[in-house]
Every structure is written in C-alpha cells, then in structure tokens.
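What the coordinates show
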Amino acid sequence: MDPLSQLLGGIRAEGAILSDAMLKAPWVVGFDDRAPLTMVTVARGGGTLLLADGGRVGLRAGQTAVVRGSEPFRMADTPASVERPHLEYWLTCFDAEACPELKAPASRSDDAEATALFVGAYRASGRRHERLMRALPPVLVVDDEADVCVWLDACATDLFERKPGTQAFIDRLFDWGLVCTLRAWFDQQGRRAPVWYRGFTDPVVGPALEAVHTAPSRPWTVADLAGEAGVSRALLAKRFSEVMGEPPLTYLTEWRMELAEELLADPDLTVAQVARRVGYADQFGFSNAFKRRKGKSPTAFRESTQTAVPV
C-alpha cells in the first residue's frame, strides 16, 4: 500500500456525467455538488472555470481540471457570458434528475464551436482524504494523453446504450481517471510534490513507507524498517530524514495519529479498539500520544467530530 492509494481510499466517484451536449456560446454551467473533488475534462471546445474565490482558470480541449473544495463554482465559454444573456445549466452528479439536459448525451456534431464536458464528482468517507486535500491547490490542470478522450468517448457510447451496470462502470473509470490525473500532476511538481509522494519512489525510503502504510499497527523499529528496505539501520535513518524531513518512527507516529482521527469518527469503535488498530497495546499510551500531537484527548476529539456541523 502506498500513501496516495491509501489517501484516495475514501474517495469515490458517484453519478459521473458523460455528456456530448451542445454547449454553444454564450453558455454557463454551474457545479453545485459541494464535493471534496470535482474532475472536469474538456473533450471539445473550451471555456473558463470561475471559482468561488474569484479565481479564473482557462481550459481547452484535451485538458483535465480537478477542483478542490466544497464551494460551488461555474464554467463559462468566456467570463463575460455571466453578465449577458446566456444558456445556463446547473449540473450535479449526486442528483440524477437535477440536470436532464446534461445527463442525456446528445447526438454527435461536427460543430467546431460546440463544447463537450466530461464531469465526475467524488464523495469522501471518513477523514482519510483530508491529508490529500491539503496537498492540492484550489484547482489543478493536466494535459491529457491523446487516448484519454478516446476512452471517454467509449464511455459516452456505453451511457447512450444504457447497458446494465453502466453507471457503476463509468464511476469506476472516473476513479481510475482521478488517480491518473493526480499522479501526473504530482509527477509534474517534482520536488514541490509532498514528501509522502516523493518518498515512495526513493529506493531506500519507498520500501519503508510501503511497510508503514500497509501494516501501521505492527511494532516497527528502525531496524525492522531497514530490513524491509534491505539497507543498514544507519543508512535508512539518514536517508529517511533527508527525504521525508523527519525520522522514520516520527513519521510512523504521525501516520498512526492520522488513521486514529478517521477511526475515532466511527462511534462503534471504543478508544481502546482504535488504540490497538494503530499499534498501541496500551490505551493510555495512545491517549497521551494523540493529545501531544492533536491538542486534545481521543475522547474530546471524538466529541468534537460528532457535534461539528457538516459542510
């Protein structure tokens, strides 16, 4: 298990929309799912994303944008269209009846001015995804490979034929598309990518990271992790600190606390059960470690998540 896979474990596409609708200027599409992540691929044409904070991001055919955050946003053929008469859509992936114009693919057209959008919104369960969200900008853009729009077109055909399992098929492909898009973006960032992403590709740090993320409850020592990497204890400790910015056991503790936050949100688990799942045989030792890093006890943290108003 690698860090990116684990952080994406609680994020899934639901009700992904594949549309070849005729969006002819001037047009404005509103995105109102309030999803943690929304992915928009432009198959034809282009437009401008209009973010809630006033930011504007242009998109052309062959580009995919991932928008982070739960604030509604819009996309228009040009920003000026918002202030003049235009065709307006409100698009949601979570309500099948909300936007029938975009849910039903229209007939194909060779109109060069038409814009076709492929959109997937992603629900999140638990808190695991929050670390990933902190690593992403409000919107990121990736130039897709030529075959991306080819498989999206194939999905649109499948949607039009309405075969059994079509929506689940499309949602899973959009899950795959999100992984590919985020991986491409992180790769483009180079040394600006988060350390948990860069570290996994390091020949020394990578095996240790994989071990920690695969079995966080094991009583790992530096010697154990060095054995996973096939290097000496001293080399692992030195290289891990160079790449990750902290010693291996410090990283292990921090990751355990991240997992504990998610598990504490489950009311069916006792604090003692959470402690054991993240590698603490002693509930009191776990509580002390959690409070040192999170500023409150596991019980107080659980109470705060249960009383928080959902966004």
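Within each chain, residues carry numbers counting from 1 in the order of the written sequence. This being a predicted model, a pLDDT of at least 70 is required before a residue's local features are given, and a value of 80 or more before pairs of side-chain atoms are given or counted; all residues contribute to the totals for chains, interfaces and linings. The side-chain quantities take in all heavy atoms of the structure and omit both hydrogens and water.

Points about helix α12 (residues 283-294)
For α12, spanning 12 residues, the distance from its first C-alpha to its last is 16 Å, which sits close to the expected 16 Å at 1.5 Å a residue. Each residue is placed in one exposure class: buried if its accessible area under a 1.4 Å probe, protein chains only, is under 20% of its type's maximum, exposed if it is over 50%, and partly exposed if it falls in between. The numbering of helices and of strands both runs from the N terminus, where a helix is a DSSP run of H or I of at least 4 residues and a strand a run of E of at least 2. Those residues of α12 not exposed but buried are F286, S287, A289 and F290. Viewed along the axis of α12, the buried residues span an arc of 165 degrees, placing them on a single side of the element. Exposed residues pointing more than 90 degrees away from the buried face of α12 are listed as F284 and R292. Capping of α12 at its N-terminal end is provided by D282; its side-chain oxygen lies 2.8 Å from the backbone amide nitrogen of F284. Note on α12: the residue one or two positions beyond its end, G295, has a positive phi of about 80 degrees. Here a helix's expected span is defined as the number of its residues, less one, multiplied by 1.5 Å. Here the arc refers to the set of directions running from the helix axis out to each C-beta atom. Two N or O atoms count as a polar contact when they lie within 3.5 Å, although within protein this holds only if one can serve as hydrogen donor and the other as acceptor, and sequence-adjacent residues are included solely when both atoms are side-chain atoms.

Let's talk about helix α9 (residues 233-244)
Its 12 residues place the ends of α9 16 Å apart at the C-alpha level, agreeing with the 16 Å of an ideal helix rising 1.5 Å per residue. We call two residues in contact whenever any of their non-hydrogen atoms come within 4.5 Å of each other. Looking at the packing, one finds that the buried side of α9 touches α6 (195-198), α7 (205-214), α8 (222-229) and α10 (248-264). G245 occupies a position one or two residues after α9 and carries a positive phi of about 80 degrees.

Overview of the environment of P267
Looking at where P267 falls in the secondary structure, it is placed in the loop between α10 and α11 (271-277). Sequence separation of P267 and E303 is 36 residues, and the distance between their C-alpha atoms is 9.8 Å.

Some thoughts on the packing of α7 against α9
Structural elements are reduced to axes, namely lines fitted to C-alpha atoms, with helices fitted over the stretch in contact, and the angle between N-to-C directions of any two is expressed from 0 to 180 degrees. The contact between α7 and α9 brings their axes to 10 Å, and the two run at 85 degrees. On the basis of their axis angle, the class for α7 and α9 is roughly perpendicular. Contact residues: α7 offers V205, A208 and L209, while α9 offers L236, R239, F240, V243 and M244. Should an angle fall under 35 degrees it is called roughly parallel, over 145 degrees roughly antiparallel, and 65 to 115 degrees roughly perpendicular, with every other angle called oblique.

Description of the pattern of salt bridges
One side-chain nitrogen of Lys or Arg within 4 Å of one carboxyl oxygen of Asp or Glu is enough to make a salt bridge. Here the structure, examined in full by the defined rule, presents 9 salt bridges. Here D202 ties to R239 by a salt bridge, and the two come within 2.6 Å at their closest N and O atoms. With a gap of 37 residues between them, D202 in the loop between α6 and α7 and R239 in helix α9 connect regions that are remote in the sequence. Since its relative accessible area comes to 31%, R239 is described here as partly exposed. Here the salt bridges share partners, and the residues they tie into one network are R134, E258, E261 and K294.

Section: the pairing of strand β10 (residues 116-124)
Burial runs high along β10: 7 of the 9 residues are buried. Only when DSSP finds a minimum of two bridges between them are two strands counted as paired. Sheet topology note: the strand β1 (residues 11-13)/β10 ladder contains 3 bridges and is antiparallel. Bridge pairing links A13 to Y122 in β10. Of the strand pairs in this sheet, strand β4 (residues 37-44) and β10 are connected by 7 bridges, and their pairing is antiparallel. In the sheet register, M39 faces β10, and the bridge partner there is G120.

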